[in-house]
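# Close look at the chain arrangement
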Amino acid sequence: MGDSVLGLIITEALYERFPDLDESRLSPLRSGIVNMRALAAIARELQLGSVLKIGKGEEVTGGRDKNSILADALEALVGAIYLDHGFATTTKVVMKLMAPAIEEAVTRGAGLDGKTALQEIVAASGWLPPEYKVTESGPDHDKDFVAVAVVNGVTYKAGHGKSKREAEQVAARLAYEEITTTPTI
């Protein structure tokens, strides 16, 4: 339930701030705010990992600092606040916790979703769609992924993540930033 309440609060805040943006722009903006990495970062700031009850296996493998567990814990906390105090109070708490993430997302704007931003600039340049090469390492319960974006025959800096999607997003963002900041000759 917490994830739905969180999504609703952020969607409403973005809609109020940008009433003229259509869903195709609001949705990636919301996804850039309400995602595992962002939620885990907030959970770390709140030190939620230190108060979680987790199994021995998760304890041994560093579960108190795993993005997925921390993000789920923050969502659960939002759900508990909602059940105990209602929507208005939950909105105040969420907006206070999420304000930095919202401002960062707004600052980054339409390019927030790395893959979408890269796809748009590649299409505008008339190049073939980007390709992603992904490698993984580590045990099944704690995989690390490394991805590189290949655009127009050029391989860009590697992106790292705890999922294939996260690594591809980071790689796309790095490629996008390099393409858009490198002066053309």
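This report concerns the structure included in the present document.

Each value, and the rule that gives it
- Residues numbered from 1 in each chain as written.
- Predicted model: local features only at pLDDT ≥ 70, side-chain atom pairs only at ≥ 80, totals over all residues.
- Heavy atoms only, no water.
- Helix = DSSP H or I, 4+ residues; strand = E, 2+ residues; numbered from the N terminus.
- Contact = heavy atoms within 4.5 Å.
- Areas by Shrake-Rupley, 256 points an atom, 1.4 Å probe, with all protein chains shown as cover.
- Lys, Arg positive; Asp, Glu negative; His and termini not counted.
- Charge placed at Lys NZ, Arg CZ, Asp CG, Glu CD.
- Buried < 20%, exposed > 50% of the residue type's maximum accessible area, 1.4 Å probe, protein only.
- Expected span 1.5 Å × (residues − 1).
- Pairing = 2+ DSSP bridges.

## Considerations on the overall build of the chain
Counting its regular elements, the chain contains 7 helices and 4 strands. Listed by position from the N terminus, the elements making up the chain come as α-α-α-α-α-α-β-β-β-β-α. Here the analysis covers contacts within the chain between residues at least 6 apart in sequence; of these, 49% occur between residues at least 24 apart. About 10900 Å² of surface is accessible on the chain, with carbon and sulfur atoms providing 55% of the total. Computed over 20 positive and 26 negative side-chain charges, the separation of the two mean positions in the chain equals 4 Å.

## Topic: the environment of Thr155
Assignment of secondary structure puts Thr155 in strand E3 (residues 154-155). Accessibility expressed as a relative area gives 48% for Thr155, which makes it partly exposed. As a C-alpha pair, Thr155 and Ile10 span 145 residues in sequence and 35 Å in three-dimensional space. Excluding residues that lie within four positions of it along the chain, Thr155 makes contacts with Val148, Ala149 and Val150.

## Some words on helix H1 (residues 2-17)
Helix length check: H1 (16 residues) gives 23 Å between terminal C-alpha atoms against 22 Å at 1.5 Å per residue, within 8%. Burial in H1 covers these residues: Gly2, Val5, Leu6, Gly7, Ile9, Ile10, Ala13 and Leu14.

## Section: the pairing of strand E1 (residues 131-137)
Where E1 meets strand E2 (residues 144-151), 7 bridges bridge the pair, whose relative direction is antiparallel. If you follow Thr135 over to E2, its bridge partner there is Val146. Connecting the antiparallel pair E1 and E2 is a turn made up of 6 residues, with Gly138 showing a positive phi of about 95 degrees.

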